[in-house]
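# Structural description and commentary
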Amino acid sequence: DTSHAELRKLYAEAREVKGVKHVFIGSGIRYDLLVPTFNKRADAQDLEDYLDDVVRHHVSGRLKVAPEHSVDNVLKVMRKPSFRYFKAFKEMFDRLSKRAGKKQTVVPYFISSHPGSRVEDMARLALDTKELDFRLEQVQDFTPTPMTIATDVYYSGYHPYTLEEVYVARSPQEKKDQNIFFFWYKGENRTRIMRLLKGAEDVARKLLGK
């Protein structure tokens, strides 16, 4: 049961508290649960009504969400939904913000060097976010964290559920080579990115231009 009716009621009550001017949500929304094509058992109108409330009353201009990557094979290791659901959420957010007469934006959070991610996957992420007109700022290189599946994969090189071998970027150089794709738009990174994409000149042209 992912009905947001009680949460909307709580938000409305918070807005009515004497002395409270704003109740802002900075981050943490499960955007995938607000997309009807992902959350198929939910009432689509309930999902839209919730996001409409958030857009109208609870965003201070920027809402941070965490797609973490854009390539499905990496997201599978992360146990995260397909990037297409982030795109659907962003379209919904933009539409409702426009309807509310507000200029607001989604700020996505991404991770480089996560187990399963290769240089070509980071190039795809860079292209995907470029097409969405993002200049990324909420980014992080993967850091092993105790008691997580990702760290198990990082340490062993195998996925514990399937026993399939998984590529892991471990060396400082490998990590730098992935992280640089977050900042493809900076001129000082152009030469290095072109070197990393040698043999994939079509991707380099799309990302960097001529």
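So, a few notes on the structure that sits alongside this text. Keep in mind that what you see is a predicted model, and the values were worked out from it rather than measured. (Residues numbered from 1 in each chain as written. Predicted model: local features only at pLDDT ≥ 70, side-chain atom pairs only at ≥ 80, totals over all residues. Heavy atoms only, no water.)

### A short note on the overall build of the chain
We apply this condition: Helix and strand assignments follow DSSP, with helices taken as H or I runs no shorter than four residues and strands as E runs no shorter than two, numbered in order from the N terminus. Per-residue accessibility, obtained with a 1.4 Å probe over protein chains only, is compared with the maximum for each type, and a residue is labelled buried under 20%, exposed over 50%, and partly exposed between these values. The contact criterion used is simple: two residues touch if any of their non-hydrogen atoms lie within 4.5 Å. Here the open area of atoms and residues is found with the Shrake-Rupley method and a 1.4 Å probe, where only the protein chains shown may cover a residue.
Check the secondary structure of the chain and you find 9 helices and 3 strands. Helices and strands appear in the chain in the N-to-C order α-α-β-α-α-β-α-β-α-α-α-α. Buried positions account for 42% of the 210 residues belonging to the chain. In the chain, 67% of the contacts between residues at least 6 apart in sequence involve partners at least 24 apart. Here the chain has roughly 12200 Å² of accessible surface; of this, 51% comes from carbon and sulfur atoms.

### A closer look at the packing of aromatic side chains
Using the following cut-off: Each Phe, Tyr or Trp ring, with Trp reduced to its six-membered ring, pairs with another whose centre is within 6.5 Å; inter-plane angles below 30 degrees give stacked pairs, above 60 give edge-to-face pairs, and intermediate values give tilted ones. As a reminder, the over-ring test applies to NZ of lysine and CZ of arginine, requiring each to be within 6 Å of the ring centre and within 35 degrees of the ring normal.
Scanning the entire structure with this criterion turns up 11 aromatic pairs. Measuring from centroid to centroid gives 5.2 Å for Phe-83 and Phe-86, while their planes differ by 25 degrees, and the two rings are stacked. Of the two residues, Phe-83 and Phe-86 both sit in helix 4 (residues 83-99), 3 residues apart, roughly one turn of that helix. Phe-86 shares its class with Phe-83; the two are buried. An angle of 80 degrees between the planes, with centres 6.2 Å apart, marks the rings of Phe-182 and Phe-183 as edge-to-face. Three or more aromatic residues joined by ring pairs form one cluster here, namely Tyr-31, Phe-83, Phe-86, Phe-89, Phe-93, Phe-110 and Phe-134. The positively charged end of Arg-170 is found above the aromatic ring belonging to Tyr-154, 5.5 Å away from the centroid. Residue placement shows Lys-186 over the ring face of Phe-183; its charged tip is 5.0 Å from the ring centre.

### Notes on the nonpolar core
For clarity, the cut-off: Put simply, buried Ala, Val, Leu, Ile, Met, Phe, Trp, Tyr and Cys residues joined by side-chain atoms within 4.5 Å make one nonpolar core.
Ranked by size, the top nonpolar core spans 51 residues in total, and within it Leu-51, Phe-89 and Phe-181 carry the most contacts. Among the elements that take part in this core, helix 4 stands out by supplying 7 residues, more than any other.

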